[in-house]
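Analysis of the macromolecular model
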Amino acid sequence: FPGWSMRSDGSIVIATGNDDALGVYACTPYNSYGTAGASQPTRVLLKDPPAFTVRPKEEYFQEVGRELVIPCMAHGDPPPTITWVKLGSAGKNGAQVDANNSLIFRPLIKEQHGVWECMASNQVAHISTTTSVHVLGTSPHAVTNVSVLPLLLAANISWEPGFDGGYFQRFSVWYTPLVKHLPRAHHDWVSLSVPAGAQHLLVENLQPDMSYQFSVLAQNKLGSGPFSQIVTSVPRGFPQTTVPPEPPAMTVRIFLSPPQALTANETARGVLLQWEPPGQLSVALSGYALELRQDKGGWEVLDRSIPSTKTQVLVPGLIKDAFYEFRLVAFAGSYISDPSNTVNVSTAGMEVYPSRTQLPELLPQPVLAGVIGGICFLSVAVIFSTVVACIMNHRRAARIQKRRQ
């Protein structure tokens, strides 16, 4: 047949598999003395590789909390197995697959944003196709590929924006010296706003030959996304001269251990987190920052201004039937401790109500007191007006009765 050939080792090569190749084959070796007989017969069968009959669209846009169904169907012989995975993430992040092999998000959450791959495979071959899921109505995602170019007493920071959550996002660059002299041991991180639309910022007036840490934060109308990865860089100083350098100033080694014994307890108003202060610290504690992540997603900063005197905080407004993880870090000036132990909170069966993906911060006590006072004043005013109206109606009825008599 056309396209058929035999190799020197006796193998037969069929360039194109078709109905001509179907059948039973046997191999008979021989030489000048004859042959020992034919081999055991082998049967050639034709199988079809997988082929997609329904492909997902290239992109899907859906609001957070809504339902999203993405179809993917394929045929082949034998029938292929279809699997879904999220690229760059382990597992399906809470997504389900129905009997028709469609990917179902119910409800759609921020952590499910990204590129999803549908794979169809059988004994013949494996094929795949991808689609991008854009989750709208969330806080921004973290920026990526942060780079720092050291300059003379300055540094140029650039990055690639993450998804904006469906709203306009703005950026800020945060930086701090990694090693500080004693008089400046209590300075905090410095933040600089980035002009709208820019993806880089020049940070000037830095100290030469001192290590700095840089990070980028994205924000939109719903709140802040997670900080980017921290990048360390050393700005360049002036060229060295023959003048002997000044002796280096003495530095102070800072010890700051993480918060201890973080626990979570369910209450009628939310989840109460309690902890113990760091066991080792060589400078005054400035405060704490609370981080959370939902359903094994990325870590986000929930509250970065918890006073150092506090050892508990109430977290209201969790989404029902979800899995949360909380951890705490301590601040001492510009120094940040390692995270505390992680506590897990499942809201399955809890009496909580749905809220946005970005959890609301607690109202400050003065604001809360003002709101309660306003409500009480309005209640008293309504009761007083009702009583006055009743008295006036009673007097009017009495005067009418006297006139009739």
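Residues numbered from 1 in each chain as written. Predicted model: local features only at pLDDT ≥ 70, side-chain atom pairs only at ≥ 80, totals over all residues. Heavy atoms only, no water.

- As annotated in an unreviewed UniProt entry, the chain carries the name TUTLA protein and is attributed to Nothocercus nigrocapillus.

Observations concerning the pattern of salt bridges
- Across all of its chains, the model carries five salt bridges by this definition.
- Note that E300 is salt-bridged to K110, the shortest N-O span being 2.9 Å. With E300 in strand β25 (residues 300-307) and K110 in the loop between β11 (103-105) and β12 (114-121), the pair connects residues that are 190 residues apart, well separated along the chain. (Salt bridge = Lys/Arg side-chain N within 4 Å of Asp/Glu carboxyl O. Helix = DSSP H or I, 4+ residues; strand = E, 2+ residues; numbered from the N terminus.)

What about the pairing of strand β22 (residues 260-267)?
- The pairing of β22 with strand β23 (residues 270-276) spans six bridges and is classified as antiparallel. Residue T263 lies in a different strand from β23, and its bridge partner there is Q274.
- In this antiparallel pair of consecutive strands, β22 and β23, the connection spans two residues. (Pairing = 2+ DSSP bridges.)

Remarks on the packing of aromatic side chains
- Counted according to the given criterion, the structure contains nine aromatic pairs.
- Judged by centre distance (5.3 Å) and plane angle (70°), the ring pair of W275 and Y288 falls under edge-to-face. One end of the pair, W275, is in strand β23; the other, Y288, is in strand β24 (residues 287-294), and 13 residues separate them in sequence.
- With a relative accessible area of 1%, Y288 lands in the buried category.
- These aromatic residues form a ring-pair network of at least three members: Y175, Y212 and F214. (Phe/Tyr/Trp six-rings, centres within 6.5 Å; stacked < 30°, edge-to-face > 60°. Buried < 20%, exposed > 50% of the residue type's maximum accessible area, 1.4 Å probe, protein only.)

What to know about the nonpolar core
- Counting 23 residues, the largest nonpolar core has L273, L290, Y324 and F326 as its most contacted members.
- Looking at this core, the elements with two or more residues in it are β23, β24, β25, β26 (312-315), β27 (323-332) and β29 (343-346).
- Here this core takes five residues from β27, the largest share from any one element.
- Once residues lying within four places of it in the same chain are set aside, the contact partners of Y324 are L292, R293, Q294, L318, I319, V343, N344, V345 and T347.
- Formed by 20 residues, the second largest nonpolar core is a distinct cluster that contains V143, I157, V194 and A218. (Core = buried A, V, L, I, M, F, W, Y, C linked by side-chain atoms within 4.5 Å. Contact = heavy atoms within 4.5 Å.)

A few points about the environment of E204
- Structurally, E204 is set in the loop between β18 (200-203) and β19 (212-220).
- It is 9.6 Å that separates the C-alpha atoms of E204 and P235, two residues lying 31 residues apart in sequence.
- Here E204 is in contact with L153 and A154, once residues within four sequence places are set aside.

So, a nonpolar patch on the surface
- A cluster of nonpolar side chains, I383, V387 and I391, forms an exposed patch at the surface whose accessible area comes to about 260 Å².
- Locating I383 in the fold gives a position in helix α1 (residues 365-404). (Patch = residues over 30% accessible without salt bridge, like charges linked within 9 Å, V, L, I, M, F, W, Y side chains within 5 Å. Areas by Shrake-Rupley, 256 points an atom, 1.4 Å probe, with all protein chains shown as cover.)

A few points about the pairing of strand β16 (residues 170-177)
- The element β16 is extensively covered by neighbouring structure, given that seven of its eight residues are classed as buried.
- Examined bridge by bridge, β16 and β19 share eight bridges and lie antiparallel to one another. Bridge pairing links W174 to S215 in β19.
- Pairing between β16 and strand β17 (residues 190-193): four bridges, direction antiparallel. Looking at β17, one finds that S172 is bridged to S193.

Thoughts on the state of the cysteines
- With the rule as written, the count across this model stands at one disulfide.
- Disulfide pairing is shown between C72 and C118; the S-S distance is 2.0 Å. Taking the sign of the torsion about the S-S bond as the criterion, the disulfide between C72 and C118, at about -85°, is left-handed. Of the two residues, C72 is situated in the loop between β7 (68-70) and β8 (73-77) and C118 in strand β12; the sequence distance between them amounts to 46 residues. (Disulfide = S-S within 2.5 Å.)

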